[in-house]
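Coordinate analysis (summary)
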Amino acid sequence: MDETSVLHSADETRLAGAPPFDLIKGKLLRPLVRPGTIVRPGLVERLARGDSRPVVSVVAPAGYGKTTLLAQWPERSGQAIAWVSVDEGDNDPKVLLTYVAEALNAIEPVSKRVFDALASPASSVPGSVVPRLCSAFASMIRPVVLILDDVHLLHDSGCRAALSVLADHVPAGSRLVLAGRTEPPVRIARLRAEGRLLRSAPVTCR
């Protein structure tokens, strides 16, 4: 997925329902792997192989190369990657989920109903937005790796709850990847008990 395809798809989405804030389109772009970057083929292979677990947690301290590792994933796997770089401004469920919807929409068109719910000030996040987005994700025909980087910045309870529900609706063949400095804000214990979570150990790949 290149920058042109992301921006083109995001612009088309504006016709479906404009968000009440300005999208930072750079947050939807996968970081470039710089020449000379150390490659960890074993770690990338572990992430990219046909593992059946739909949720991946990549946890490591600052500077350990989480983003670099994930940016190398598409080059190894050839899978469609939907990327969201999380920041402090995403501690609003509708803001966060708008970026998630935009990232998925860049891979395969997302229902207009999702963007209408996101744009409406009257819509309920748990009652309307989350179910529609989960349904759109679950119904995607093409397998997608949805990566949310820096999820440790999410402290809003509504955002955490939304991600937990999204983790329950990852379609077969697709994966939800949550990267951050701490355990991701989802129901880790339950996902682990159900055998649905792959956890990557800290790495240094700078």
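Up top is the structure these notes are about.
Below: a short report on this structure. (Residues numbered from 1 in each chain as written. Predicted model: local features only at pLDDT ≥ 70, side-chain atom pairs only at ≥ 80, totals over all residues. Heavy atoms only, no water.)

**A closer look at the packing of helix H4 (residues 93-105) against helix H7 (residues 157-167)**
At a minimum axis distance of 8 Å, the contact between H4 and H7 shows a crossing angle of 35°. As H4 runs across H7, the sense of the crossing is right-handed. Mapping the contact onto sequence places Pro-93, Leu-96, Leu-97 and Val-100 in H4 and Gly-158, Cys-159, Ala-162, Leu-163 and Leu-166 in H7. Looking at side-chain class alone, the contact of H4 with H7 contains eight nonpolar, one polar and no charged residues. (Axes fitted to C-alpha atoms, helices over the stretch in contact; angles between N-to-C directions. Helix = DSSP H or I, 4+ residues; strand = E, 2+ residues; numbered from the N terminus. Left-handed = near helix turned anticlockwise from the far one by under 90°. Contact = heavy atoms within 4.5 Å. Nonpolar A, V, L, I, M, F, W, Y, C, P; charged D, E, K, R; others polar.)

**Some points on unusual backbone geometry**
Among all residues save glycine, negative phi is the norm, and among peptide bonds the norm is trans. One non-glycine residue, Asp-150, adopts positive backbone phi at about 70°. Tracing the backbone shows Asp-150 in the loop between strand E3 (144-149) and H7. Relative accessible area serves as the criterion here: at 26%, Asp-150 is assigned to the partly exposed category. (Buried < 20%, exposed > 50% of the residue type's maximum accessible area, 1.4 Å probe, protein only.)

**Observations concerning the environment of Ala-161**
Residue position: Ala-161 is located in helix H7. Exposure remark for Ala-161: the relative accessible area of 41% places this residue in the partly exposed category. As for Ala-161 and Pro-126, which are separated by 35 residues in sequence, their C-alpha atoms are 8.4 Å apart.

**Quick notes on the side chain of Asp-90**
The residue Asp-90 is located in the loop between strand E2 (80-85) and H4 in this model. Residue classification places Asp-90 among the buried residues on the basis of a relative accessible area of 1%. Side-chain polar atoms of Asp-90 contact the side chain of Lys-27, separated by 2.7 Å. A polar contact is formed between the side chain of Asp-90 and the backbone nitrogen of Asp-87, at a distance of 2.9 Å. In contact with Asp-90, other than residues within four places in its own chain, are Lys-27, Ser-85, Val-95, Leu-96, Tyr-99, Leu-154 and Cys-159. (Polar contact = N/O pair within 3.5 Å; in protein donor to acceptor, adjacent residues only side chain to side chain.)

**Considering H7**
For H7, the full list of buried residues reads Cys-159, Ala-162, Leu-163, Ser-164, Leu-166 and Ala-167. Of the surrounding elements, those touching the buried residues of H7 are strand E1 (55-59), H4, helix H6 (125-138), E3, strand E4 (175-180) and helix H8 (188-193). For H7, the N-terminal capping position is held by Asp-156, with its side-chain oxygen 2.9 Å away from the main-chain nitrogen of Gly-158.

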